[in-house]
Amino acid sequence: MWNKAIELSSKSHPGPVVHISDNPMDEGKLLIGFESGTVVLWDLKSKKADYRYTYDEAIHSVAWHHEGKQFICSHSDGTLTIWNVRSPTKPVQTITPHGKQLKDGKKPEPCKPILKVEFKTTRSGEPFIILSGGLSYDTVGRRPCLTVMHGKSTAVLEMDYSIVDFLTLCETPYPNDFQEPYAVVVLLEKDLVLIDLAQNGYPIFENPYPLSIHESPVTCCEYFADCPVDLIPALYSVGARQKRQGYSKKEWPINGGNWGLGAQSYPEIIITGHADGSLKFWDASAITLQVLYKLKTSKVFEKSRNKDERPNTDIVDEDPYAIQIISWCPESRMLCIAGVSAHVIIYRFSKQEVITEVIPMLEVRLLYEINDVETPEGEQAPPLPTPGGVSNPQPIPPQSHPSTSSSSSDGLRDNVPCLKVKNSPLKQSPGYQTELVIQLVWVGGEPPQQITSLAVNSSYGLVVFGNCNGIAMVDYLQKAVLLNLGTIELYGSNDPYRREPRSPRKSRQPSGAGLCDISEGTVVPEDRCKSPTSGSSSPHNSDDEQKMNNFIEKAKMSRKLSLPTDLKPDLDVKDNSFSRSRSSSVTSIDKESREAISALHFCETFTRKTDSSPSPCLWVGTTLGTVLVIALNLPPGGEQRLLQPVIVSPSGTILRLKGAILRMAFLDTTGCLIPPAYEPWREHNVPEEKDEKEKLKKRRPVSVSPSSSQEISENQYAVICSEKQAKVISLPTQNCAYKQNITETSFVLRGDIVALSNSICLACFCANGHIMTFSLPSLRPLLDVYYLPLTNMRIARTFCFTNNGQALYLVSPTEIQRLTYSQETCENLQEMLGELFTPVETPEAPNRGFFKGLFGGGAQSLDREELFGESSSGKASRSLAQHIPGPGGIEGVKGAASGVVGELARARLALDERGQKLGDLEERTAAMLSSADAFSKHAHEMMLKYKDKKWYQF
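Not measured: the values here are computed from a predicted model.

Moving on: the overall build of the protein. The number of helices and strands found in the protein is 15 helices and 46 strands. Carbon and sulfur atoms provide 52% of the accessible area of the protein, an area that totals close to 48100 Å².

Here's what the structure looks like:
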């Protein structure tokens, strides 16, 4: 009790216990520190206080010298007191590490409390005194610090966050030996820092673990499994150059635990887009998560220095560089991002550092209403093509920066992008380097609508993006706009909704390619599709008009049930994510009625029914469930690709589904996925002569090995997934081969066509929390599991599937949740998990030496069982819980437990069995003792019987 510890003359309570530890040389002596400033050395054997040490200031922590003759205390006034164990009257030394030493021997000015102190010794030098806190009160605004005192030197190490705790790593685990400290582990509120004590300046160790997956809130996420094997080393090599200098030359000193050796050997990469405009590439192979490379997309834009200089063209209140959509081609390493300020940036990977004198830039004017507008500055407007004719794209001179201001006749803001591109030379480090910046501009006082879909193709040299106004296609090799159309104009004369432009077409920014007259549009009716369960098609309804009206009503109903068009970039306010503040002259009802571009897919396939061979094209999906096909006529590769124009024309093919289109893919006749054509990566910042053989574009040829007339007419399958259903369309006949209604009461948030176990399937995540998979091309249900309800928009915008049965989403603002729907991965999960603890050999205890052993100067151990057991302290209270071992043995646990938990369970049972064996040993020992007593009695009796007899009497 506390009153036994303090002086008899003292009547006040000593306060809470803030420290308790035993003497490193004598486990029977316990040092107890009370908050009021009293420290007591308590003898466990005699059960009384040996010494009492009193100081005027409150105590925060206590630490022993390894010899057990001294200890140090840290106090609330920023002082340290060092005490000799046998001199309790006053401290041997009082130190104020950060206090100003006053003249005339006065006490230094008080400082902030020293929250923790450690006292570590070395064989060859002065001891280390390491402490947190204790700064002077006049250091206002200074960051938290850790102080290292070694001899006469005092080093103050500033930390980025508040210090929670720290621990000194030493060469020996024994507290009664020279400690030889070599590092300090500092736990901060948002980080873990290790400091090297062996190097001058105390540098920190490079942390191999990402403690937080982002510094800025994640706004979008993409997951790629089974990537090219050379991709992760390439990203790591350029990412290693981004790391700051000044790290310790030694390896990370904490090496406990082992990685799991799973069966997965394929590389996996996660890309996260952030609110500050940065992207991070992560190595997610097996169960690791390692930062490979970081890209800052905002460095191509001018930043405002203060709030007054912020441009009033922003369409968001904050985070104008936030990433919304990521399109990445792992084979060619081409990267394209779309940001919240209606901007698109195309990046090319390079291992060479370059300096870009002028950042290439295009401004695109994407309209919903066709009004009388001017062409953006620096662009040449070719004459409008006539129906059926084709015009060549006009290369647009790269602009150093967008036009600063432009107004229409009525004073409305016009032809102004939301962000200003830098007009000074840009140094681009090895890694991803800017190829082209594309920005949508204001039109008639209305800001540009945010981009809802994006796709890039390295083989064609094209990038395409769309929003609720329309679609735009850009040739990033020639820096030219090829296509700039409103969504209604894609239909031509085959618009099923019979919408008309609100004003006559007069002048607009032209597309670089002619538009052919859409005269052969084909609409695939609903009833021509067959369900995989029924296997038969229903008769075609002749009343197409009535059916179309019903379909429109259903589409409107589905849009009311569905999320908004720009679901993916939408953010929850609770996630600390960016919000939107968009002033628009168009009412919200008008925006809802617009048909936005929701999916884009480049491919080589059949664009029309009459095609005999596949050709490059673009498939466009909209929020009203329409799929439109745009034909691409590409010039030959090499130098001709940079000189001749790319001709773009809508093909007239129209397909219909319920709900917004989410994903499209193509299969060959064997059911194998046909990936988009791509150009293999090569270094572009080297002389062209070295890469003559690599100039040709690599396109995957469509394998045609027909064995029947049916295979000749149906060479490919198009897989289309919408919010409500999925269809498999035979090409080029455009017949609906299979159809599956995925959900009636909910809607699909994410759908991906993925490879799994040497086959292809469609994986869907619905808003009602179900994960569903379907076989391809038959669309038979394979899996339907209730997993996770849509509780916030963070899940909706980050959930994504990838190959080999993997998926992920952000479960919180700082955590990625990975999941699997593959049985093979589930079976190998225990092998993939690592082990937290690894057995190591215990180092030898310090040698006591001859004289220490002779005079009792060495460490003295204490049998706690003897001291606190029933023999000396009596039986415990009946209210105290007592452990009773169960009847189960260790063999029964081996099969049921695995991993660390199983090891701990086995260890506990082993201890129980050891206790049982010790009990049996104790009983056997007692039996042997009684037997020895009996033998002794018999021997004594024999001695008494024969002691008086002479030798000759025996």
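What follows picks up the thread again.
A regular strand places its side chains on the two faces of the sheet in alternate fashion. Burial along strand E24 (residues 361-364) is two-sided: the residues Met361 and Glu363 and Leu362 and Val364 are all buried. With 4 bridges connecting them, E24 and strand E26 (residues 431-440) associate as parallel partners. Paired with Met361 across the two strands is Val437, which belongs to E26.

Attention now moves to a nonpolar patch on the surface. A surface patch of nonpolar side chains, amounting to about 330 Å² of accessible area, comprises Tyr209, Trp259 and Ile287. Within the element layout of this structure, Tyr209 appears in the loop between strand E15 (192-196) and strand E16 (218-225). For Tyr209, a relative accessible area of 42% gives the class partly exposed.

On to the confidence of the model for the protein, then. Per-residue confidence for the protein averages 77 on the pLDDT scale, and 73% of its residues sit at or above 70. In the model, residues 370-405 has pLDDT below 50 throughout and makes 94 contacts with residues more than four positions away in sequence or in other chains. Contacts of residues 888-898 to residues separated by more than four positions or lying in other chains number 13 contacts, the stretch itself having pLDDT below 50.

Another point: the nonpolar core. In terms of nonpolar packing, the biggest core is built from 33 residues, with Leu235, Ile269, Phe281, Trp328, Leu335 and Tyr432 touching the most fellow members. Per-element tally for this core: the top contributor is helix H2 (residues 231-240), with 5 residues. Once residues lying within four places of it in the same chain are set aside, the contact partners of Leu335 are Leu279, Phe281, Leu295, Ile326, Ser327, Trp328, Ile345, Ile346, Tyr347 and Tyr432. Listed in part, the 26 residues of the second largest apolar core include Leu462, Leu482, Phe602 and Leu618.

With that settled, the discussion passes to unusual backbone geometry. Residues Leu731 and Pro732 are joined by a peptide bond in cis, for which omega reads 10 degrees. Along the chain, Pro732 turns up in strand E38 (residues 725-732). For the bond running from Leu776 to Pro777, omega is 5 degrees, close enough to zero to count as cis. Counting through the fold element by element, Pro777 comes out in the loop between strand E42 (770-775) and strand E43 (781-786). A positive phi angle, close to 60 degrees, is found at Leu779, a residue other than glycine. Locating Leu779 in the fold gives a position in the loop between E42 and E43.

With that out of the way, let us pick up the pairing of strand E12 (residues 153-158). Strand direction decides the pairing type here: strand E11 (residues 145-150) and E12, joined by 6 bridges, are antiparallel. Paired with Cys145 across the two strands is Glu158, which belongs to E12.

What follows is about the pattern of salt bridges. Where charged atoms of side chains with opposite charge meet at close range, the side chains can pair. Summed over all chains, the structure comprises 15 salt bridges. Asp230 is paired through a salt bridge with Arg333; the nearest N and O atoms lie 3.1 Å apart. Taken together, the positions of Asp230 in the loop between E16 and H2 and Arg333 in the loop between strand E20 (323-329) and strand E21 (334-339) put the pair 103 residues apart, joining distant regions of the chain. Accessibility expressed as a relative area gives 41% for Asp230, which makes it partly exposed. Close ionic contact of Glu268 with Arg818 constitutes a salt bridge, the shortest N to O distance being 3.5 Å. With Glu268 in strand E17 (residues 268-274) and Arg818 in strand E46 (residues 815-820), the pair connects residues that are 550 residues apart, well separated along the chain. Under the relative-accessibility criterion, Glu268 is labelled buried at 0%. Salt bridges here are not isolated pairs; linked through shared partners, they connect Glu222, Arg663, Arg750 and Asp752.

Moving on: the packing of aromatic side chains. For the structure on display, the rule yields 19 aromatic pairs. With a centroid separation of 5.7 Å and 70 degrees between ring planes, the pair formed by Phe281 and Trp328 is classed as edge-to-face. Taken as a pair, Phe281 in strand E18 (residues 278-283) and Trp328 in strand E20 lie far apart in primary sequence, 47 residues in all. Judged by relative accessible area, Phe281 falls into the buried class, the value being 0%. Ring geometry for Tyr787 against Tyr809: centres 6.2 Å apart, planes inclined by 75 degrees, an arrangement best described as edge-to-face. Of this pair, Tyr787 sits in the loop between E43 and helix H8 (793-798) while Tyr809 sits in strand E45 (residues 806-812), and the two are 22 residues apart along the sequence. With a relative accessible area of 3%, Tyr809 lands in the buried category. The rings of Phe224, Phe281, Tyr293, Trp328, Phe349, Tyr432 and Trp681 are connected pair by pair, giving a single aromatic cluster. Directly above the ring of Phe166 sits Lys116, whose terminal nitrogen or CZ lies 5.0 Å from the centroid. Above the ring of Tyr321, the side-chain terminus of Lys303 is found at 5.7 Å from the ring centroid.

With that out of the way, let us pick up the sheet that holds E20. Read across the open sheet, the 5 strands follow the order E20-E21-E22-E26-E24; overall the sheet is mixed. Of all the strands in the sheet, the pair left with one neighbour each is E20 and E24. Sheet twist, expressed as the mean angle between neighbouring strand axes with direction ignored, is 20 degrees. Taken together, the 4 bridges between E21 and strand E22 (residues 343-350) define a ladder with antiparallel strand orientation. What sits directly across from Ile337, in E22, is Ile345. Taken strand by strand, H2 contacts E20, E22 and E26, and its axis lies near 100 degrees from that of E22.

Definitions and cut-offs
- Residues numbered from 1 in each chain as written.
- Predicted model: local features only at pLDDT ≥ 70, side-chain atom pairs only at ≥ 80, totals over all residues.
- Heavy atoms only, no water.
- Helix = DSSP H or I, 4+ residues; strand = E, 2+ residues; numbered from the N terminus.
- Areas by Shrake-Rupley, 256 points an atom, 1.4 Å probe, with all protein chains shown as cover.
- Buried < 20%, exposed > 50% of the residue type's maximum accessible area, 1.4 Å probe, protein only.
- Pairing = 2+ DSSP bridges.
- Patch = residues over 30% accessible without salt bridge, like charges linked within 9 Å, V, L, I, M, F, W, Y side chains within 5 Å.
- Salt bridge = Lys/Arg side-chain N within 4 Å of Asp/Glu carboxyl O.
- pLDDT = per-residue confidence, 0-100.
- Contact = heavy atoms within 4.5 Å.
- Core = buried A, V, L, I, M, F, W, Y, C linked by side-chain atoms within 4.5 Å.
- Phe/Tyr/Trp six-rings, centres within 6.5 Å; stacked < 30°, edge-to-face > 60°.
- Lys NZ or Arg CZ within 6 Å of the ring centre and 35° of its normal.
- Axes fitted to C-alpha atoms, helices over the stretch in contact; angles between N-to-C directions.

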